[in-house]
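Residues per chain, in single letters:
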Amino acid sequence: MLKNILPWGGRDSLSPDSHIMANLSKRRFLTLLKLALLGVSLPLAVSSQSWVRAATVRHNSPEYAQTPESHTPQPAQPPAAKSPPAKPHTHKPQPSPSATAKPAKSHKPQPSPSATAKPAKSQTHKPQPSPSAKAKPAHPPKPQPSPSAKAKPAKPPKAQPTQPPAAKKTSDKQNKQPDWRLIATLAVAMGAASYLGSLRFRPLWLLELPSGLKIPKIPGLIPAEITLPIPVLLVLKYRPRVLDAWVADRIEVARNKFEIKETVKERKIHIAMPVALDGNQLPTLTAKDLQEAFSAQEIRLLICGEGGVGKTSLACQIAQWAMAENKADRLGAHLMIPVLIEEELEKPAQGKSPLLEAIARELKHLRDEEKPVSEELVKQLLKHRRILVIADRLSEMSETTRQAIALKDGKLPVSALAVTSRVEGILGKDVSPTTLKPQPVSSGSLLVFMDAYLTRRGKRSLFRDDLQYIEDFKRLSQIVPDERDITLLFAKLYLELMIAAAGRRTDKLPANVPDLTLSYINKLNQNARYGAPDSAAVQQALKVVAWKFLQQSFKPETADRQKAIAALAALRGGEEEAEKLLTYLEKDLGLLRTQLDSGYIRFTTDTLAEYQAGLYLVEDWKDNRQQWRNFLAEAESKPGCPEEIKGFLLAVRDCCVTHGSKKVPDFVAEDLGQLAGLDLDALKPAPGKRHIQRLISELSVPEVEDRRRAAEEIAKMGSHAQLAASALVNALTDEDSQVRWSAAQALLKLGNTTEPVRQALLGLLADSNSWVRLNAAEALVKLGNATEPVLGALQGLLADSNSWVRLNAAEALVKLGKATEPVLGGLQGLLADSNARVRSSAAQLLGELGSATEPVLGGLQKLLADSNSGVRLNAAEALVKLGKATEPVRQGLQKLLADEDFSVRRRAEEALAKLGHPCEPV
């Protein structure tokens, strides 16, 4: 019945059964329909007392079709000629309709209906044959004159009585027409009130409106069927308030669902680092920096950079800003739901968009709803920037996926798109995106990053031995070859290994990136379940699978799962074992990930895949020159070379340098570096004078970024840049602290011990920046300037406000002054320092000096009762090194046997054993 009254087109949906509404949706729609029908029917009901009743009476009246429309009295008809008497007929004469007004006599002829309907005109009419003449042609009757013939003058009819006033008033009411304008106005008003009320108080109800609406033909009311245009319905249905209500209804679920994604969980700790926003260098990126870009009608955000630089981590942070509850921390004026696309797009149904299908699937999974989100709603959310589409690793995806996400289809209105890519032109030449480039960790900010990351991990307290901490920092700063900057990925992997080794005082942390990746894999495997494969088997499996991932395009794309199993089966001896191993790598170690509803897998970290594939080639090909030449030729012919495969080329080069120096031909590393775009001239031991002169000139340019870069590049050249010594001395007084810091580093690597250099470094010991003071002290130590002024200046730093400076000053004094009286006195003072790290390092340094004087022993004995376990530990070790088994020392160590810290108890046991007082194992 409802379809007969108000038929509508089916709702657009991604499912054939989506037209079946849920009970709640039906109730909402019926409520809205009642309001709309009420808006139309109320004006009709109000006016039904007048025009409807009048029309009914008029249609039922016999006079309606015969009486004139005008009520003005008409003049009397002139007399007509009398007709001759007609023969009597067998039937009785019928009275005319006018007889209802007044009964006519039976013997008098009645006027014809035409005489009563209209006044007769003055002219006469010719006689017309009567109707009976045509009825019986065989026996024609005598001609009968028509009633209007002028045979005989007719008697004038009696004048009709004048209509009384009451009858005239009734007639006026009968002829009164309805006021359609008033009815239409009231109907529109009621409909508008219903719509605005729903928009204000229940905006989600409007989503239950049909996508197509037809108003049927209603006799007497609507002459023909009316079809409302779809754009009009879309404007009414998908208002910004409605879309905001839809997003707000799901934003909390969206936040929770986003947090539990594996990609997001792996990057939960985000350390704000410098970025370049459209070429402008920013120390850190905040939501306010992007608000102007996201205020545009269309946003294309490109996050580009080398592998491991932190593109995905930054994209996850931007997604958090899109959902921020506080408007000040939000990207735009309204909330946005981020949709993370990190897998290859599946082939859609005929005529469907693969990207639209993926977005709709993600939105449906927000609440695990049975009914999919309608295609039109998804388009409207995309068009009005209520959805932020984030495509991760776009440059490593297939061409089909890249074309779909690059929005080559103009029918898909994606107004907010962010992609991560290793290349800049991924969105096409006709697109001018807002570009974000995360910067690698420079040498000047590496130590700050280490502190921030370990603090966020809650592990900073594990590193009480600050001297060892500094050594770990120096090893990390040199882990990347070719003087390249350290990426966030390498720094995080290294710090995770530091955390795993904390408390065990080991110098076996990796010294190069290939070993770093292998050590990280071993760390994951050690924490896995009992009975897991050994580290050698896991490493070999990952190398084989990684090469399968990169063999086709030299990019870490997805790989067929069955092909990976076949490769492992040849290695492990059977598909069943290969399947178990692949599942272990995915489920237990989390290094692989299966694409949703498909038989494809990929590495969770692209850079890790590239280095494992590089190790596989080095170990498999070794000194096979022909295979390496074929590899180089194939790499040069790959589409997008070198930009799109640069990460893999550099990874293979690193593996050749560190693991293949004795078996891989020498030309391989050089050709790979040249193909990857490295400046090999700058990496040679003796750089050209022209290049050094250019850097020297840049040390005095107005742009601070250029001065920083020039100082850092000179520092990378080391002793081969002696020409820049005097320019670096001048740079030690630069207004920018980072330039001064880099200049000090460069002078340290130059090894210049001239008097101007020494005096300049001495001046930096009083610099306002603590890191500059620290670097100057380190440079003076390594340059061997053990003069009296230098030692005096370093002793003054023992009271510096920065604990790191005090630590480095103490270390410098020990290296330069050995066990001199001033040095011992300064270190003894640090035993009572307010900072636990300083007390711990001072105890360690005193133990290394080997001066077992009474004041030194007394100070160390006091530290055995220190509140910090690391201080107690180093104090016990120092006493063991000094070898003084006095009674106070023995008693202090015995007290540590009951220490709450297991490491301290163990170290006290070892110390007593070395001093000749063994005890029961703790």
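A quick note: this is a predicted structure, and the numbers were derived from the prediction, not measured.

S.K.: How should I be thinking about the sheet that holds strand β10 (residues 434–438) in this particular structure?
M.R.: What holds strands together in a sheet is hydrogen bonding between their backbones, with the strands either parallel or antiparallel. Read across the sheet, 7 strands follow the order β5-β4-β10-β6-β9-β8-β7 without closing on themselves; strand pairing throughout is mixed. What marks the edges here is a single partner per strand, and that holds for β5 (280–282) and β7 (337–341). Across this sheet, the average inter-strand angle for adjacent strands is 20 degrees, counted without regard to direction. Bridging between strand β6 (residues 299–304) and strand β9 (residues 416–421) involves 6 bridges; their strand directions are parallel. Bridge pairing links R300 to L417 in β9. Set on the sheet, helix α12 (residues 311–322) makes contact with β4 (275–277), β6, β7, β8 (387–391), β9 and β10; between it and β6 the angle comes to about 150 degrees.

S.K.: Whenever I open this one, the pattern of salt bridges confuses me. Can you help?
M.R.: Working definition: two side chains of opposite charge can pair if their charged atoms are close together. By the definition in use, this model includes 32 salt bridges. A salt bridge links D451 to R460; the shortest N-O distance between them is 3.2 Å. R460 carries the same exposure label as D451, and that label is buried. The shortest N-O distance in the salt bridge between K543 and E619 comes to 2.8 Å. Placement of the pair is K543 in helix α20 (residues 535–550) and E619 in helix α23 (residues 606–621), with a sequence separation of 76 residues. What makes K543 buried here is its relative accessible area of 5%.

S.K.: Got a minute to help me understand the nonpolar core in this structure?
M.R.: For soluble globular proteins, the rule of thumb is that nonpolar side chains tend to be buried together. Of all hydrophobic cores here, the largest spans 171 residues; its most connected members are W628 and F631. Ranked by the residues each element gives to this core, the list is headed by helix α18 (residues 488–501), at 10 residues. Apart from residues lying up to four places away in sequence, W628 is in contact with L617, V618, W621, K622, V652, C656, V664, P665, F667 and V668. Formed by 75 residues, the second largest nonpolar core is a distinct cluster that contains F258, A287, I341 and L417.

S.K.: For this particular structure, what's the right way to read helix α14 (residues 375–383)?
M.R.: α14 sits mainly inside the fold: 7 of its 9 residues count as buried. Three or more residues of α14 are buried, namely E375, E376, L377, V378, Q380, L381 and L382. Once α14 finishes, R385 follows within two positions and takes phi at roughly 60 degrees, a positive value.

S.K.: I tried to follow the pairing of β10 on my own but got confused; where do I start?
M.R.: Remark: a regular strand shows side chains that alternate across the two faces of the sheet. Counted residue by residue, β10 has 4 buried out of 5 residues, so it is predominantly covered. Of the strand pairs in this sheet, β4 and β10 are connected by 3 bridges, and their pairing is antiparallel. Opposite L277, over in β10, you have L436 as the bridge partner. Judged from the 3 bridges that link them, β6 and β10 form a sheet pairing that is parallel.

S.K.: I tried to follow the packing of helix α29 (residues 704–717) against helix α31 (residues 737–750) on my own but got confused; where do I start?
M.R.: When two helices pack together, their arrangement is given by the angle between the helix axes and by the axis-to-axis distance. Orientation of α29 relative to α31, taken along the N-to-C sense of each, is 15 degrees, at an axis distance of 8 Å. The pairing of α29 with α31 is recorded here as roughly parallel in orientation. With respect to the hand of their crossing, α29 and α31 are arranged in left-handed fashion. Contact with α29, carried on its side by V704, R707, R708, A711, E712, I714 and A715, involves Q738, V739, S742, A743, Q745, A746 and K749 of α31 and no other residues of that element. Looking at the contact of α29 with α31 residue by residue, the classes come out as 7 nonpolar, 3 polar and 4 charged.

S.K.: Where do I start with the sheet that holds strand β11 (residues 559–560) in this structure?
M.R.: Read from one edge of the open sheet, 3 strands run β11-β13-β12, paired in antiparallel fashion. The open sheet has two edge strands with one neighbour each: β11 and β12 (592–594). Across 2 bridges, β11 lies against strand β13 (residues 600–603) in antiparallel orientation. Across the sheet, residue A559 finds its bridge partner in β13, namely I601. Along the sheet face, helix α22 (residues 575–588) touches β12 and β13 and points at about 100 degrees away from the line of β12.

S.K.: Teacher, can you tell me more about the packing of aromatic side chains here?
M.R.: Remark: the centre distance and the inter-plane angle together describe each pair of aromatic rings, the angle taken between the planes. For the structure shown, the criterion picks out 12 aromatic pairs. Grouped by ring-pair contacts, the aromatic residues W547, F554, W621, W628, F631 and F648 constitute a single cluster. Cation over ring: R629 sits above F667, and NZ or CZ is 4.2 Å from the ring centre. Positioned over the ring face of F554 is K638, at 5.0 Å from the centre of the ring.

S.K.: Help me understand the side chain of E344 in this model?
M.R.: Relative to the elements of secondary structure, E344 occurs in the loop between β7 and α13 (354–364). The buried charged residue E344 lacks any salt bridge partner; its closest oppositely charged side chain belongs to R393, at an N-O distance of 6.4 Å. Among the polar contacts made by the side chain of E344, one reaches the side chain of S398 at a distance of 2.7 Å. A polar atom in the side chain of E344 sits 2.5 Å from the side chain of T401. For E344, the residues in contact, after removing those within four places along its chain, are E396, M397, S398, T401, T558 and Q595.

S.K.: Explanation requested: the confidence of the model for the chain in the structure shown.
M.R.: Low pLDDT means the predicted atomic positions in that stretch should not be read closely. Residues with a pLDDT of 70 or more make up 70% of the chain, whose mean pLDDT is 74. The model gives residues 146–152 a pLDDT under 50, and that stretch makes 23 contacts with residues more than four places away or in other chains.

S.K.: Help me out: how do you make sense of the environment of R837 in this one?
M.R.: Relative to the elements of secondary structure, R837 occurs in helix α37 (residues 836–849). Judged by its relative accessible area of 23%, R837 falls in the partly exposed class. A sequence separation of 371 residues divides R837 from D466, and the C-alpha atoms of the two residues are 6.3 Å apart. Not counting the four nearest positions on each side in its chain, R837 is found in contact with R460, R464, D466, S803, W804 and L807.

S.K.: In this structure, what is going on with the packing of α37 against helix α39 (residues 869–882)? I would like to understand it.
M.R.: Where α37 contacts α39, the axes come no closer than 8 Å and their chain directions differ by 10 degrees. Considering the angle they form, α37 stands roughly parallel to α39. In this structure, α37 uses A836, R839, S840, A843, Q844, L846, G847 and E848 to contact α39, whose residues at the interface are G870, V871, N874, A875, A878, K881 and L882. Within the contact of α37 with α39, the residues separate by chemical class into 7 nonpolar, 5 polar and 3 charged.

Quick notes on the rules
Throughout, residues of each chain are indexed from 1 in the direction in which the sequence is written. Predicted model: local features are reported for residues with pLDDT of at least 70 only, side-chain atom pairs are reported and counted for 80 or more only, and whole-chain, interface and lining totals are derived from all residues. To get the side-chain values, all heavy atoms of the structure are used, and hydrogens and water are removed first. Two strands make a pair as long as DSSP finds a minimum of two bridges between them. Here a strand is any run of E in DSSP of at least two residues, a helix any run of H or I of at least four, and the numbering for each starts at the N terminus. Only the contacting stretch of a helix is used when fitting its axis, a line to C-alpha atoms as for every element, and angles between N-to-C directions run 0 to 180 degrees. In this description, contact between two residues means that some pair of their heavy atoms is separated by no more than 4.5 Å. In the sections that follow, a salt bridge refers to a side-chain nitrogen of Lys or Arg positioned within 4 Å of a carboxyl oxygen of Asp or Glu. Burial classes: relative accessible area under 20% of the type maximum marks a residue as buried, over 50% as exposed, and values in between as partly exposed (1.4 Å probe, protein chains only). Among the buried residues, those of types Ala, Val, Leu, Ile, Met, Phe, Trp, Tyr and Cys that are joined through side-chain atoms within 4.5 Å form a nonpolar core. Note that the term roughly parallel is reserved for angles under 35 degrees, roughly antiparallel for angles over 145, roughly perpendicular for angles of 65 to 115, and oblique for everything else. Left-handed describes a crossing in which the near helix is turned anticlockwise from the far one by less than a right angle; the clockwise case is right-handed. Here the term charged refers only to Asp, Glu, Lys and Arg, the term nonpolar to Ala, Val, Leu, Ile, Met, Phe, Trp, Tyr, Cys and Pro, and the term polar to all other amino acids, Gly among them. Note on aromatic pairs: the rings of Phe, Tyr and Trp (six-membered ring only in Trp) are paired at centre separations within 6.5 Å, and the planes decide the class, stacked below 30 degrees, edge-to-face beyond 60, tilted for the rest. For a ring to carry a charge above it, either NZ of a lysine or CZ of an arginine must fall within 6 Å of the ring centroid while also lying within 35 degrees of the normal to the ring plane. Only four residue types enter the charge count, namely Lys and Arg as positive and Asp and Glu as negative; His and the chain termini do not. Polar contact is defined as a pair of N or O atoms within 3.5 Å, subject to the rule that within protein one atom must be able to donate a hydrogen and the other to accept it, and that residues adjacent in sequence are counted only when both atoms are side-chain atoms. Values of pLDDT, ranging from 0 to 100, describe the predictor's confidence in every residue of the model.

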